Amino acid sequence: MTPDPSRPGEPRSDWTLEEVRGLFALPFADLVFQAQSVHRQNFDPNEVQVSTLLSIKTGACPEDCAYCPQSVRYDTGLEREELMAVEEVVARARAARDAGATRFCMGAAYRGPKDRDLRVIEEMVRGVRALGLETCATLGMLTPAQALALKEAGLDYYNHNIDTSAGYYDRIITTRTFQDRLDTLAAVREAGINVCSGGILGMGESEGDRAAMLHTLATMEQHPESVPINQLVQVEGTPLAGAAPLDPLEFVRCIAVARILMPRSHVRLSAGRSEMSDEMQALCFLAGANSIFYGERLLTTGNPDVERDQQLFARLGIRPEGAREGSDPTLAPRTADVDGWRCAARGHSGV
Ligand code: SF4
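Residues numbered from 1 in each chain as written. Predicted model: local features only at pLDDT ≥ 70, side-chain atom pairs only at ≥ 80, totals over all residues. Heavy atoms only, no water.

Enquirer: Can you tell me about the overall build of the protein, naming the residues and giving the values?
Expert: Of the regular secondary structure elements, the protein holds 13 helices and 10 strands. A burial count over the protein gives 60% of its 351 residues as buried. Here the contacts in the protein between residues at least 6 apart in sequence split such that 78% fall between residues at least 24 apart. For the protein, the exposed area adds up to about 13500 Å²; of that, 51% sits on carbon and sulfur atoms. (Helix = DSSP H or I, 4+ residues; strand = E, 2+ residues; numbered from the N terminus. Buried < 20%, exposed > 50% of the residue type's maximum accessible area, 1.4 Å probe, protein only. Contact = heavy atoms within 4.5 Å. Areas by Shrake-Rupley, 256 points an atom, 1.4 Å probe, with all protein chains shown as cover.)

What follows is the structure, given as structure tokens:
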């Protein structure tokens, strides 16, 4: 992507690290104004894309991601669950579709899937796609052949977060390298699958790390189509439990910088959302966030998180992007964050 200086909302991939740091250093009002201006050039500012996430295989992951309760190395009391049956996943997807979701993401706690398991997941992808839903998966590292197999099964998006900066990476994960992440992302892109990749804030990283992380994403030849920005969900038993909390305005800053750097990507307000005030979420939408998750288990009525989200959308006049005709409009905006362990698990499932 080459820049066109006359059109600041156009995508470009030649950002320098100094430019990114300069954005972080802007006065808050200037930064948010710029981000909202770029946002309006590319999106309806009152629409937010809504996806649903289902954990199809939970826990017992051999990796050591310091934020993740699904790692087998940390005692967090999480119950392991084997890979779900295809029929069950498709039934959950159907329920999500009927409630207004347009994209269905399947997350599995793997370092990378075994080919035997991948065959099963390909069937899930086919089944979910046959319902008319967009499909997304997050399964850890993929080989180029595995990425191609998922593409052939009809996978639309693959989530694989870079988590943090290259320089801070080994403070968070030691069982794989930053380059491993980039290699999987390259395989996904090469296979023709849309890329979803972002990171987690509040892990003790510096603003410079946050700038470097966004710089890595924004200088990809093609920006990720989705950029989840997660706030660490601290889980007792993981090494990052007790980390110093992030200044909420620093989180908003990061959303705004991501919006400016990657003007046509969906910037996802992701894990940690349920711990944010309504006012902070509103600021994030103002700064250019335009995608969120709800969890399938939150589709039941009477859930206070769901009701809070309904009210927030109504108060802000936000509509779900591309809601299906015939879906229940009262359910469609039921957008709540998924529960903590799933959120925190999004180092690889950080959708
Ligand atoms: S973030 Fe993913 S790869 Fe890391 S421990 Fe958790 S499930 Fe495993």
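Enquirer: So what about the pairing of strand 8 (residues 266–269)? Which residues, and what values?
Expert: On strand 8, burial covers both faces: His266 and Arg268 on one face and Val267 and Leu269 on the other are all buried. Examined bridge by bridge, strand 7 (residues 226–231) and strand 8 share 4 bridges and lie parallel to one another. For Val227, the partnering residue across the bridge sits in strand 8 and is Val267. Once you follow strand 7 into helix 9 (residues 248–261) and on to strand 8, the crossover reads as right-handed. (Pairing = 2+ DSSP bridges. Right-handed = clockwise from strand over helix to strand, strands pointing away.)

Enquirer: If you had to explain the environment of Trp15 to someone new, which residues and values would you point to?
Expert: Here Trp15 is to be found in the segment before helix 1 (17–24). Discounting residues that sit within four places of it in the chain, Trp15 has contacts with Val20, Leu23, His215, Ala218, Thr219, Ile260 and Leu261. A polar contact is formed between the side chain of Trp15 and the backbone oxygen of Arg12, at a distance of 3.2 Å. (Polar contact = N/O pair within 3.5 Å; in protein donor to acceptor, adjacent residues only side chain to side chain.)

Enquirer: If you had to explain the nonpolar core to someone new, which residues and values would you point to?
Expert: Counting residues in each nonpolar core, the largest one holds 88 residues, and the members touching the most others are Ile56, Tyr67, Leu139, Leu214 and Phe251. Of all the elements, helix 9 adds the most residues to this core, at 9 residues. Counting 5 residues, the second-largest nonpolar core is a separate cluster that includes Leu53, Cys105, Tyr157 and Phe293. (Core = buried A, V, L, I, M, F, W, Y, C linked by side-chain atoms within 4.5 Å.)

Enquirer: Hey, could you go over the packing of aromatic side chains for me, with residue numbers and the actual values?
Expert: All chains considered together, the criterion is met by 2 aromatic pairs. Centroid distance Tyr169 to Phe178: 5.5 Å. Interplanar angle 75°. Geometry classified as edge-to-face. Residue classification places Tyr169 among the buried positions, given a relative accessible area of 2%. Judged by its relative accessible area of 11%, Phe178 is buried. The interplanar angle of 90° and the centroid separation of 6.4 Å between the aromatic rings of Phe285 and Phe313 together place this pair among those described as edge-to-face. With Phe285 in helix 10 (residues 278–286) and Phe313 in helix 11 (residues 304–316), this residue pair connects regions lying 28 residues apart in the sequence. For Phe285, a relative accessible area of 7% gives the class buried. For Phe313, a relative accessible area of 2% translates into the label buried. Just above the ring of Trp15 sits the side chain of Arg12; from NZ or CZ to the centre is 3.9 Å. Lying over the aromatic face of Tyr157, Arg103 brings its terminal NZ or CZ to 3.7 Å of the ring centre. (Phe/Tyr/Trp six-rings, centres within 6.5 Å; stacked < 30°, edge-to-face > 60°. Lys NZ or Arg CZ within 6 Å of the ring centre and 35° of its normal.)

Enquirer: Describe unusual backbone geometry, and please don't skip the residues or the numbers.
Expert: The phi angle at Ala60 is positive, at roughly 60°, despite the residue not being glycine. Positionally, Ala60 belongs in the loop between strand 1 (47–57) and helix 3 (86–98).

Enquirer: So what's going on with the pattern of salt bridges? Residues and values would help.
Expert: For the coordinates displayed, the defined rule picks out 19 salt bridges. Linking Asp44 and Arg319 is a salt bridge whose minimum nitrogen-to-oxygen distance equals 2.5 Å. One end of the pair, Asp44, is in the loop between helix 2 (28–42) and strand 1; the other, Arg319, is in strand 10 (residues 319–320), and 275 residues separate them in sequence. Between Arg176 and Asp163 there is a salt bridge, with the nearest N and O atoms lying 3.7 Å from each other. Separated by 13 residues along the polypeptide, Arg176 in the loop between helix 6 (169–172) and helix 7 (178–191) and Asp163 in the loop between strand 4 (157–159) and helix 6 bring together distant segments of the chain. No difference in accessibility class separates Arg176 from Asp163, as the two residues are buried. Shared partners join several salt bridges into a network, and the residues in it are Glu63, Arg111, Asp163 and Arg176. (Salt bridge = Lys/Arg side-chain N within 4 Å of Asp/Glu carboxyl O.)

Enquirer: Can you tell me about helix 2, naming the residues and giving the values?
Expert: Spanning 15 residues, helix 2 covers 22 Å between terminal C-alpha atoms, matching the ideal 21 Å at 1.5 Å per step. For helix 2, the complete set of buried residues consists of Leu31, Val32, Ala35, Gln36, Val38 and His39. Buried positions in helix 2, seen along its axis, are confined to an arc of 165° and lie on one side of it. For helix 2, the exposed residues lying more than 90 degrees away from the buried face are Ala29, Phe33 and Arg40. Those residues of helix 2 that are buried lie in contact with helix 1, helix 9 and helix 10. (Expected span 1.5 Å × (residues − 1). Arc of directions from axis to C-beta.)

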